[in-house]
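Okay, here's what each chain looks like letter by letter:
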Amino acid sequence: MSLLEILDERCVALDLDSSDKHEAISKLLEMLASAGALSEKDDVLQAVLERERQMSTGIGGGVAIPHAQSKGVSRLAVALARPKTPIDFEAIDGKPVSLIFLIVGPEERGGYVRILARISRLLYTGDLQKKLLRARTSDEVLRIIDAEEEKLKVT
Amino acid sequence: MVCPSCHSVHPDGTRYCSHCGTYLEEPSPSSTLRETWLQALALLHDGELEKSSRRLRDVLALEPSHAVARTYLGLAHLAAGDLAEASEELRKASESGLPLSCLFLGMARRASGDPAGAVAAFRRAAAQAPPLRFALHGEAGAGLDLDNLSAAASAYEKLAEIDPENAVPHFWLGVIHRRRGRLDDAEASLERALGRDPDFNEARLLIGEVRLAQGNGRGAQDAFEELLARTPGDGRAHYRLGMILAETGRGEEAIRHMESAVVARPEHFEPHFQLALLYYSERQDLERALGELETALAIEPNDPAANLILSELRFLGGRAGTQS
């Protein structure tokens, strides 16, 4: 499954207005709920925040990939946000985060791990991060991801 | 002195060949050049590079324009790994216009890390003697070294014309088209290569990759399955099939192929990593997933994606331990 298949254009927020990671996660979940990916948004929020309490998903380099499995999720889905101003995510390198990928998956299904690996691979092997930070529209974001995933197929 | 019958070398003054018994006459002054030349060749044949080089220099002292002797001297240097001396002698020899000198000069220059010089030498050899196909191969290979895809393609196209039944030029044309992003042309060239040699595994593997890049997953799967039918146990085909099947939701089949890929190519990072992901995503088998991930990280300790997944699986393992 590609990232593009589970990232709805409605779940991309450029210039996300939020002051902290709790608020950012909550807004991303609202987008996912509007896109029909969640059945119980509050349960999912609790699961994501619980995961964050155990260990921050700020992986360094200005990127965070919060994620969780929950029975409140109806299908594997991703939301992407670029905060208006970088947010403190208690990242491993202490740097504020300017790109957030939120992954949610149904309980008892491990597919989100493959998406987590794919996002990580896309971030570390290509120019995805740089290009996403420059993107102007949601549509452009999707085109960038599509092109980077194509490159991954060829390598 | 050299036996005229069997060409074995003997100390000067020997009267009979110890190999075949032929009577060995003392060389007349007029036969000295030929004798020395034959000795040099016999020594070269026996792998006596230093002694042969000395004799070849003797030949060149007697006849400085002996381009073949200079070519062989260059070859002796090439065989001994002395690339600078080889290039110099072969350059001098190539001035005579001997196509083989140009060919070997191209080889020496390519081995010396001078692909531009190699292309020039190979091109000259091919121009002087079109049947020297290796010169075109060399020109194309050195063109690829230079990332000069047009030059390489042109050489392979000539080869395909000269030798229409040879699959190799079509394969490389496929490689070049793919690198240029011309996927349909790549597929067509690779089809031609396979038409000439159905057992050309590299071409079959590449055609599968080209079809994947075209978005033709079914065609790619066919190519990899055909490769496995012809070469069971090909780890690369198992790996790629595993990836396709995982993408199309056939997790258990994907696991079987990825397990075979790991067995066939245990030293490669990616199959272990993908198998770890599959064990967890398809079976929630945390223990096996962690085992494969640890193996992958032993191969590529700094892979960021694998490290991220390792920390995630350890987190999940810790949570499972707490819950149970």
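Reading the values: rules and limits
Along every chain, residues carry numbers that run from 1 in the direction the sequence is written. Written order determines the labels here, with chains lettered from A and ligands numbered from 1. Local features are withheld for residues below a pLDDT of 70 in this predicted model, meaning they are given only at 70 or higher, and side-chain atom pairs are given and counted only at 80 or more; totals for whole chains, interfaces and linings count all residues. Runs of H or I in DSSP of at least four residues are treated as helices and runs of E of at least two as strands, each being numbered from the N terminus. Atoms considered for the radius of gyration are the C-alpha atoms alone. The globule rule reads 2.2 Å times the number of residues to the power 0.38. Here a residue counts as buried when 20 or more other C-beta atoms sit within 10 Å of its C-beta, as exposed when there are 12 or fewer, and as partly exposed otherwise, the C-beta atoms being derived from the backbone. For the purpose of contact definition, each residue receives a C-beta atom placed from its backbone, and two residues are in contact when these atoms lie within 7 Å. To define a nonpolar core, we join buried Ala, Val, Leu, Ile, Met, Phe, Trp, Tyr and Cys residues through C-beta atoms within 7 Å and take the resulting set. A fitted line through C-alpha atoms serves as each axis, taken over the contacting stretch for helices, and the angle formed by two N-to-C directions is quoted from 0 to 180°. With respect to orientation, any angle under 35 degrees is reported as roughly parallel, any angle over 145 as roughly antiparallel, any angle of 65 to 115 as roughly perpendicular, and every other angle as oblique. With the far helix as reference, a near helix turned anticlockwise by less than a right angle produces a left-handed crossing, and one turned clockwise produces a right-handed crossing. In the scheme used here, Gly and all other residues not listed as nonpolar or charged are polar, with Ala, Val, Leu, Ile, Met, Phe, Trp, Tyr, Cys and Pro taken as nonpolar and Asp, Glu, Lys and Arg as charged. Expected span of a helix: the number of residues minus one, times 1.5 Å. Each C-beta atom gives one direction from the helix axis, and the arc is the one those directions make.

Attention shifts here to the overall build of chain B. Tallying secondary structure elements over chain B gives 17 helices and zero strands in all. For 324 residues, the compact-globule formula gives about 20 Å, and the C-alpha radius of gyration of chain B, at 29 Å, lies well above that figure. Over its C-alpha atoms, taken along the principal directions, chain B stretches across nearly 100 × 40 × 35 Å. Within chain B, the fraction of its 324 residues that count as buried is 44%. Taking contacts inside chain B between residues at least 6 apart in sequence as the whole, the part at least 24 apart equals 37%.

Leu28(A), Leu32(A), Val78(A), Leu116(A), Ala276(B) and Ile309(B) are the most contacted members of the largest nonpolar core, which has 147 residues in total. Considering every element that reaches this core, the biggest residue donor is helix H4 (residues 111-125) of chain A, with eight residues.

Residue and element names in this part refer to chain B. Taken N-terminus to C-terminus, the directions of helix H11 (residues 201-213) and helix H12 (residues 217-230) make an angle of 165 degrees; their axes are 7 Å apart at the nearest point. As judged from the angle between their axes, H11 and H12 are roughly antiparallel. Crossing handedness for the pair H11 and H12: left-handed. Across the interface between the two elements, Asn201, Arg204, Leu205, Ile207, Gly208, Arg211 and Leu212 of H11 pack against Gly217, Gly219, Ala220, Ala223, Phe224, Glu226 and Leu227 of H12. For the contact of H11 with H12, the residue count by class is seven nonpolar, four polar and three charged.

Across the boundary between the two partners, chain A contributes 15 residues, which contact 13 residues of chain B. Listed by contribution, the elements that provide at least two residues to the side of chain A that touches chain B are H4 and helix H6 (138-154) of chain A. Counting residues per element, the side of chain A that touches chain B draws most heavily on H4(A), at eight residues. Residue composition of the side of chain A that touches chain B, grouped by class: eight nonpolar, four polar and three charged.

Once that is clear, we can look at unusual backbone geometry. Non-glycine residue Asp15(A) carries a positive phi angle of around 60 degrees. Along the chain, Asp15(A) turns up in strand E1 (residues 7-16). Unlike most non-glycine residues, Asp147(B) shows phi in positive territory, near 65 degrees. Relative to the elements of secondary structure, Asp147(B) occurs in the loop between helix H7 (133-145) and helix H8 (149-162).

Along an α-helix, a turn takes 3.6 residues, which lines up residues three or four apart on a common side. All names here are of chain B. For helix H2 (residues 49-62), which comprises 14 residues, the first-to-last C-alpha distance of 20 Å matches the rise-based estimate of 20 Å (1.5 Å per residue) to within 8%. Restricting attention to buried positions, one finds in H2 the residues Ser52, Ser53, Arg55, Leu56 and Val59. The arc that holds the buried residues of H2, viewed along the axis, is 165 degrees, so those residues lie on one side. Exposed residues lying more than 90 degrees from the buried face of H2 are Glu50 and Ala61. Looking at the buried positions of H2, the neighbouring elements they touch are helix H1 (32-45) and helix H3 (67-80).

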